[in-house]
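Listed below, chain by chain, are the residues.
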Amino acid sequence: MTYAITQTCCNDATCVAVCPVNCIHPTPEERAFGSTEMLHIDPRACIDCGACADACPVDAIFPVDSLSAGQREYADINAAYYEGGEPAPGTPEGPNFHAWGEPVFGRSLPSDFGPLRVAVVGTGPAGMYAAQDLLLHTAAEVTLIDRLPVAGGLVRYGVAPDHPATKKVGDTFSRFHSHPRVRMHLGIEVGRDVTAEELAAHHDAVIYAVGASTDRRLGIPGEDGPGCLSATSFVAWYNAHPEAVAQGVDLSAERVVVVGNGNVALDVARILVADPEALAGTDIAAHALEALRASRVREVVVLGRRGPEDAAYTRSELLALKHLPGVELVVDDHDPRTGAAIDAAGAGDRAGLLRGVARVRTDAAAPTTPGGAARRIVLRFHSGPVEILGDGDVRTVRVTDGGGGAADLAAGMLLRAIGYRGLPVPGLPFDEASGTVPHEGGRIAGLPGGYVVGWIKRGPSGGIGANRTCAAETVGTLLADAVAGTLPAPTGDAKAFRRLARRRNRRVVDARGLAAIDRAERDRGRRDGRPRVKLATVEELVATARAGRLPRLSR
């Protein structure tokens, strides 16, 4: 028996580090790492030890003979990655199963080097991987800062609720929230409550992990009207983001058009047509669950300007759509290039995964669901939006067709999912063209002691696990600067910063307050048979943090 890596692979390579036979690739040292959609286990070299499954933070690794019907394709995907290559070399006669390279201590500091005080702005995956790196490999004291009164970032507010295994990476991060060398200040925004200069004055270094919080625009007529939303806001709505409007998403139309061909586009399409009762067992926002139960949406048309061979979504996310209960996945064959690309594709190509999927012509006037399915998702390639028409709201989306003309699709809502974009942080340089902070290896250009990690550093590319290697580079640069003596000396200490933060914002949430929020949400979830019921407003979060904080122990 061998193991296989499945859909929820986060690519953070924790499994690579524990594999005794080096059968998981690509590794962080290999060129392909970061460009593959997921990691793969070589079935010819796997010794069935299960170490990788135990270490996986997102429960993505299973024995092949235990894979469910919807996951069995992953055994072939793992094996296909190694076709034509040699299995990983092994030396079973010795105490080690394969030859290890020279040890590398990339986080070592001189033994007499005092502990650094580092602020990390942002508690999503990028920020927490950086904090984890510092805490595990140095004696640094870390100040965690987030503009929201709750931690989690993308894990809490970006991962789809029907992907609970992916959310488990948050458990790995949460163990550092109460670390003895961590101080947490949630609800503090740089530029609003404290300045970048004040933050730097109280720390040896500051790492900004603020992500890419806005979306790219289509630039077409009608885009600013009611019923045209960004996928960013829609995801925030169903994930109970406190800045999302609890009411206001109109699901009264039978058809929704989603523009984009990435994983986010597939996420929102899947949530729109999923069985609400299946979602009732997740941590989806209560207001979103209520709206989806009353939804009249029966069809989601996903538009992609290019063909199926160039789609940006991962194969695993597409495979998930093929196994969605009660939902039919079809391909719009309005353009002959689409079918030709699917027929010519190899079995492992994205386009090849659509072989056998029904091909239809989308009815411009009203959605239909042939084949007995209650709802369906239509993948329409070689097509983009031209104009959004309607009298005060969305009524029609005009899209390009395969002949150079345009076609009208009746729809009640359009969601744009064409990419994220970073926003400027007051006090930091910013590249408007890329939506990132200019840097060298994570070191902010022209700002000694300032660093970036995650999407604000490299742009909106890569999933959760990609932030691990990104953080390693940034932390490595920071420590090299510390050893070189180029970090500015802080003028204030941790206590002074805590007083400053609380003077500027009386509603700051600390680690005990965060623990109180977590307990309250889990308690609400237990009453409803759900993993948790999220508090959906800043007021609820802050009040719960204050009411549930444990009393201080006298010293």
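This report concerns the structure included in the present document.

### Thoughts on helix H14 (residues 336–344)
Every buried residue belonging to H14 is among Thr338, Gly339, Ala341 and Ile342, and all of these are buried. Down the axis, H14 shows its buried residues gathered within 160 degrees of arc, on one side only. Every exposed residue of H14 that faces more than 90 degrees away from the buried side is listed here: Pro336 and Ala344.

### Some thoughts on the pairing of strand E13 (residues 327–332)
As a general feature of sheets, a regular strand has side chains that alternate between the two faces. Of all the 6 residues making up E13, 6 are buried; the element is thus mostly covered by neighbouring parts of the structure. Along E13, one buried face is formed by Val327, Leu329 and Val331 and the opposite face, lined by Glu328, Val330 and Asp332, is buried too. Direction of pairing for E13 relative to strand E15 (residues 375–380): parallel, over a ladder of 5 bridges. Pairing of Glu328 across the sheet is with Arg376, part of E15. Note that E13 and strand E14 (residues 358–360) share 3 bridges and pair parallel. Directly across from Asp332, in E14, lies its bridge partner Val360. For the crossover from E13 across H14 to E14, the handedness is right-handed.

### Brief notes about the sheet that holds strand E11 (residues 255–259)
In spatial order, the strands read E10-E19-E11-E12-E15-E13-E14; together these 7 strands make up an open sheet with parallel pairing. Two strands in the sheet have a free side with no partner beyond their single neighbour: strand E10 (228–230) and E14. If you compare each strand with its neighbour and ignore which way they point, the axes differ by 25 degrees on average. Lying over the sheet, helix H9 (residues 231–238) contacts E10 and strand E19 (413–416), oriented at roughly 75 degrees with respect to E10.

Cut-offs used in this document
Residues numbered from 1 in each chain as written. Predicted model: local features only at pLDDT ≥ 70, side-chain atom pairs only at ≥ 80, totals over all residues. Heavy atoms only, no water. Buried < 20%, exposed > 50% of the residue type's maximum accessible area, 1.4 Å probe, protein only. Helix = DSSP H or I, 4+ residues; strand = E, 2+ residues; numbered from the N terminus. Arc of directions from axis to C-beta. Pairing = 2+ DSSP bridges. Right-handed = clockwise from strand over helix to strand, strands pointing away. Axes fitted to C-alpha atoms, helices over the stretch in contact; angles between N-to-C directions. Contact = heavy atoms within 4.5 Å.

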